[in-house]
Amino acid sequence: VKLYNRLATVRVTFESLWFTHWRNTRVEEALAGLRATLLVHHPETSNIVVNADEKVLELIQEAKWLRRLDIGIPEAAQQVLAQEARFKSYKDHLQLCLSDFNQVRASIPKALQAMFQPHVDAAVQNFQPGLHTLAWNSMNIDAFLHQLHTGTTNLKYLVERVNHIIEHRVRTAITSIQQMIFFD
């Protein structure tokens, strides 16, 4: 019985220390992650990537488990937990916008990339608020996502039109010229 009591005391002490450490460090790290910008430039490739801090998702999962165990969680962790759907939704939308933008850029013919550069730069300009000012806890992320979607859609429409013209008019003309016989 003495061993059991000692073991229970050690376990309760460990849980108390772990919870205090979790409350003091993990919650603050996650809150700092929510204050980070939505997008960043990848350090190696310089491509724009979503700046979703995995510590926020870890805190959400840990807070869910602590709540299931009927352990009280701090108010800050409850606020992060309440924003779970919003955080995940914004992360998914941002990844979709970046994926669409990269697909549109990849569909630009190599010979026409210099001509499209001002249009690509204009679309990249739409990403600037997410790189510099908007954070995960900002209120106007929906407007930003709409701006990204509109800019990417406009660029996509332009690229598709140019590719259509190249495919159906230019290549058709080149094919008919190739089939002509100029000298008998």
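Everything that follows concerns the structure shown earlier in this document.
An account of the accompanying structure is given in this report.

The rules behind these values
- Residues numbered from 1 in each chain as written.
- Predicted model: local features only at pLDDT ≥ 70, side-chain atom pairs only at ≥ 80, totals over all residues.
- Heavy atoms only, no water.
- Helix = DSSP H or I, 4+ residues; strand = E, 2+ residues; numbered from the N terminus.
- Rg over C-alpha atoms; globule rule 2.2 N^0.38 Å.
- Buried < 20%, exposed > 50% of the residue type's maximum accessible area, 1.4 Å probe, protein only.
- Contact = heavy atoms within 4.5 Å.
- Areas by Shrake-Rupley, 256 points an atom, 1.4 Å probe, with all protein chains shown as cover.
- Phe/Tyr/Trp six-rings, centres within 6.5 Å; stacked < 30°, edge-to-face > 60°.
- Lys NZ or Arg CZ within 6 Å of the ring centre and 35° of its normal.
- Axes fitted to C-alpha atoms, helices over the stretch in contact; angles between N-to-C directions.
- Parallel < 35°, antiparallel > 145°, perpendicular 65-115°, else oblique.
- Left-handed = near helix turned anticlockwise from the far one by under 90°.
- Nonpolar A, V, L, I, M, F, W, Y, C, P; charged D, E, K, R; others polar.
- Core = buried A, V, L, I, M, F, W, Y, C linked by side-chain atoms within 4.5 Å.

### Quick look at the overall build of the protein
1) Next: Secondary structure summary: the protein contains seven helices and two strands in total.
2) Next: The helix and strand sequence of the protein, counted from the amino end, reads α-β-β-α-α-α-α-α-α.
3) Next: For the protein, the C-alpha radius of gyration of 27 Å lies well beyond 16 Å, the compact-globule estimate for 184 residues.
4) Next: If one aligns the C-alpha atoms of the protein with their principal axes, the spans along those axes are about 110 × 35 × 30 Å.
5) Next: Taken across its 184 residues, the protein has 29% of its residues classed as buried.
6) Next: In the protein, 72% of the contacts between residues at least 6 apart in sequence involve partners at least 24 apart.
7) Next: Accessible surface computed for the protein: about 12500 Å², of which carbon and sulfur atoms make up 58%.

### Digging into the packing of aromatic side chains
1) Next: Inspection of every chain in the model, using the stated rule, returns two aromatic pairs.
2) Next: Of note, arginine 68 hangs over the ring of tryptophan 65, and the distance from its end group to the ring centre comes to 4.6 Å.

### Thoughts on the packing of helix α5 (residues 113–125) against helix α7 (residues 141–179)
1) Next: At their nearest, the axes of α5 and α7 sit 9 Å apart, and the two run at 160 degrees to each other. Put simply, α5 runs roughly antiparallel to α7. Seen along the crossing, α5 lies across α7 with a hand that is left-handed. From α5, Phe116, His119, Val120 and Ala123 reach across to α7, where they touch Gly151, Leu155, Leu158, Val159 and Val162.
2) Next: Residues of the contact of α5 with α7, tallied by class, amount to seven nonpolar, two polar and no charged.

### Digging into the nonpolar core
1) Next: Trp22, Leu38, Leu39, Leu94, Phe116, Trp136 and Leu155 are the most contacted members of the largest nonpolar core, which totals 44 residues.
2) Next: Within the residue set of this core, elements represented by two or more residues are α1 (2–34), β2 (48–50), α2 (54–68), α3 (75–82), α4 (84–106), α5 and α7.
3) Next: When sequence neighbours within four positions are dropped, the list of residues in contact with leucine 38 reads Val49, Val50, Asn51, Leu94, Gly130, Leu134, Ala135, Trp136, Ile141 and Phe144.

### A closer look at the packing of α2 against α3
1) Next: For the pair α2 and α3, interaxial distance at closest approach is 9 Å and the crossing angle is 110 degrees. Classed by the angle they form, the pair α2 and α3 counts as roughly perpendicular. Where α2 approaches α3, its residues Val56, Leu59, Ile60, Ala63, Lys64 and Arg67 are matched on the opposing element by Gln78, Val80 and Leu81.

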